Amino acid sequence: MAVSDEDLVARSIDGDVDSFNQLVRRWERPIYALAYRTIGREEDARDIAQDTFLRAFRALPGFKGQAKFSSWLYRIALNLCRDWMRRQRRTPLVAAPEGVDLVELAAEQGPVESIEELVARQEMSRAVAEAMAALPEEQRTAIILKEYHGLTFQEIADLQNCPLSTVKTRLYQGLTVLRRQLDAAGARGMRGRT
Amino acid sequence: MSTTMGCDDKERLVAYLYEDLATSERLAVERHLAGCAACAAELESLGAVRGLLAGWTPPDAELGFEIVRSTRRAAPAARGAWASALPVWAQVAAAALVVAAGAAIANVQVRYGAEGLSVTTGWLNAPQMGPAPAAPAGLAQAPRDDEWRAALAALEEKVQRDLDRLRADAPARAAAAAPDEAAVLRRVNALIEASEQRQRKELAYRLSQMGRDFDVQRRADLVRIERGLGQLDARAGAEAARQRQLLNYVMRASTQPVP
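Residues numbered from 1 in each chain as written. Chains lettered and ligands numbered in written order. Predicted model: local features only at pLDDT ≥ 70, side-chain atom pairs only at ≥ 80, totals over all residues.

The subject of this paragraph is the overall build of chain B. A tally of regular secondary structure across chain B gives six helices and two strands. The order of α-helices and β-strands along chain B, N terminus first, is α-α-α-α-α-β-β-α. Sequence separation of at least 24 residues holds for 51% of the intrachain contacts in chain B that already meet a minimum separation of 6. (Helix = DSSP H or I, 4+ residues; strand = E, 2+ residues; numbered from the N terminus. Contact = placed C-beta atoms within 7 Å.)

Let us look at the overall build of chain A. Each helix and strand in chain A was counted, giving 10 helices and zero strands. For chain A, the N- to C-terminal ordering of α and β elements is α-α-α-α-α-α-α-α-α-α. Looking at chain A residue by residue over its 194 residues, the buried ones come to 38%. At a minimum sequence separation of 6, the contacts of chain A that also span at least 24 residues come to 66%. (Buried ≥ 20, exposed ≤ 12 C-beta atoms within 10 Å, placed from the backbone.)

Take the environment of L151(A) next. Considering the arrangement of structural elements, one finds L151(A) in the loop between α7 (137–147) and α8 (153–160). L151(A) sits in the buried class, given 21 other C-beta atoms within 10 Å.

What follows covers the interface of chain A and chain B. Taken together, the contact pairs 41 residues of chain A with 33 residues of chain B. Those elements that provide at least two residues to the side of chain A that touches chain B are α2 (17–39), α3 (42–59), α5 (100–109), α6 (115–133), α7, α9 (164–185) and α10 (187–193) of chain A. Element by element, the count of residues in the side of chain A that touches chain B is highest for α2(A), at 10 residues.

This paragraph deals with the packing of α8(A) against α9(A). Residue and element names in this part refer to chain A. Relative orientation of the contacting elements α8 and α9 amounts to 100 degrees, with a least axis distance of 8 Å. Taken together, the axes of α8 and α9 lie roughly perpendicular to each other. Within the contact between the two elements, α8 uses F153, Q154, I156, A157 and Q160 and α9 uses L164, V167 and K168. Across the contact of α8 with α9, the residue classes break down as five nonpolar, two polar and one charged. (Axes fitted to C-alpha atoms, helices over the stretch in contact; angles between N-to-C directions. Parallel < 35°, antiparallel > 145°, perpendicular 65-115°, else oblique. Nonpolar A, V, L, I, M, F, W, Y, C, P; charged D, E, K, R; others polar.)

Scored by pLDDT, chain A has a mean of 83; 81% of the residues are at 70 or more. Taken element by element, chain A is modelled with least confidence in α5(A), mean pLDDT 48, and with most confidence in α7(A), mean pLDDT 95. (pLDDT = per-residue confidence, 0-100.)

All names here are of chain A. With 60 residues, the main nonpolar core has I31, A35, L73, A77 and V128 as its most contacted residues. Considering every element that reaches this core, the biggest residue donor is α2, with 10 residues. Excluding residues that lie within four positions of it along the chain, L73 makes contacts with W27, I31, T52 and A56. (Core = buried A, V, L, I, M, F, W, Y, C linked by C-beta atoms within 7 Å.)

A few words on the environment of K158(B). Note that K158(B) resides in helix α6 (residues 145–255). Here K158(B) falls in the partly exposed class, since 13 other C-beta atoms lie within 10 Å of it.

The subject of this paragraph is the packing of α9(A) against helix α3 (residues 37–53) of chain B. Between α9(A) and α3(B), whose axes approach to 9 Å, the crossing angle comes to 75 degrees. With respect to their mutual orientation, α9(A) and α3(B) come out roughly perpendicular. From α9(A), L175(A), L178(A), R179(A) and L182(A) reach across to α3(B), where they touch S45(B), L46(B), V49(B) and L52(B). Looking at the contact of α9(A) with α3(B) residue by residue, the classes come out as six nonpolar, one polar and one charged.

What follows concerns helix α4 (residues 69–88) of chain A. All names here are of chain A. A rise of 1.5 Å per residue sets the reference length of α4, with its 20 residues, at 28 Å; its end C-alpha atoms lie 29 Å apart and thus fit the reference within 8%. For α4, the complete set of buried residues consists of F69, W72, L73, Y74, A77, L78, L80 and C81. Contacts from the buried residues of α4 go to α1 (5–13), α2, α3, α7 and α8. (Expected span 1.5 Å × (residues − 1).)

This part takes up unusual backbone geometry. For N161(A), which is not a glycine, the phi torsion comes out positive at approximately 50 degrees. For N161(A), the location among the structural elements is in the loop between α8 and α9. Of the residues examined, N161(A) has 8 C-beta atoms within 10 Å and is grouped as exposed. Phi angles above zero are rare outside glycine, and E19(B) is one such case at about 55 degrees. With respect to the helices and strands, E19(B) occurs in the loop between α1 (10–17) and α2 (23–35).

As structure tokens, this is what we get:
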């Protein structure tokens, strides 16, 4: 049976670095994915993920378990993403590298998919990434946390320091804008073709 | 929470979309949707957007982060290891020796006369090797030059002996510290090797991606070329048909008798 986050945190606080590294292995992919979807750059997302764990390790003695360990990590990572965006002084660029996605999609789909379908899927993915990048930060973060990390409305509200109703409004507004943008980009039609 | 729902209750619609409603509220939303085509269509379109979002995945990155706690602090860079191992009194003696040697080189002379204490240096004057001038009557006799030199020589000899002893003890101390340093060295080597392995894997992965990318691009180009050739064929065929029609017309016209 897997050791719980809480147990690993307790051992880490007692100085067991291996336990903390278990937490790192458990959470590095979600944190990297969160950073990537928030800022849209692979290398920087990796740096942010690494920095998140480093900061968490240093701040571990002050972690009293008032929140879930994962929520605490998400908070650190989101703060780092916000700092990154402030430094960049621009909206996040979503890297949808041509070729790489195409190849990955080709590998996933197998040889039966035609080139046209591959290109359509790649374009759809890029359209989604660009539409997400154009959203206001609060809406984008709420959607990422809900869609890809399965947080509850209350957990998102805690992370964003806002009321529960605001989270739902942000989600509704964000999804509505996305729908409009994806319609304009023809992404929904693309999906229908694939 | 009300058991009826209005069209402007978007928060509840979102909660329904994410299946995060109590049973009574869910039923209220479903009753509303059954009678409101606009809200039902909106819910469907928001669901479709969620379907598109599911297809957006981050690129597969090599992570493998690890926290490594350093086992010992690095030695201060500005001081030699032997210096930090010296006892304090030896360091003070060495400093005094340096000051004394500097004073000797600079030909420093300290005099105390009727006009008070005076210190002079003689960088450009050769030190006066003759006997010191007689001290004024009534003043304490200053230490003679050869006494200073003898004391300095004794001090220098003592410091040298201590340094020799410390140097002789150094291998034993190094041997005592060796296991720790060897472990650190092994750890660093392992980290370097792991990093190199990661880089090699990354390089191989990127190269393989490039190869596959190139292949897919080539196939895409071939499809485009094929399409272009097909269009050209179609155009050429149409042109040939037009030419044939024209030729037939000319032939027919030429065979008709001139009125």
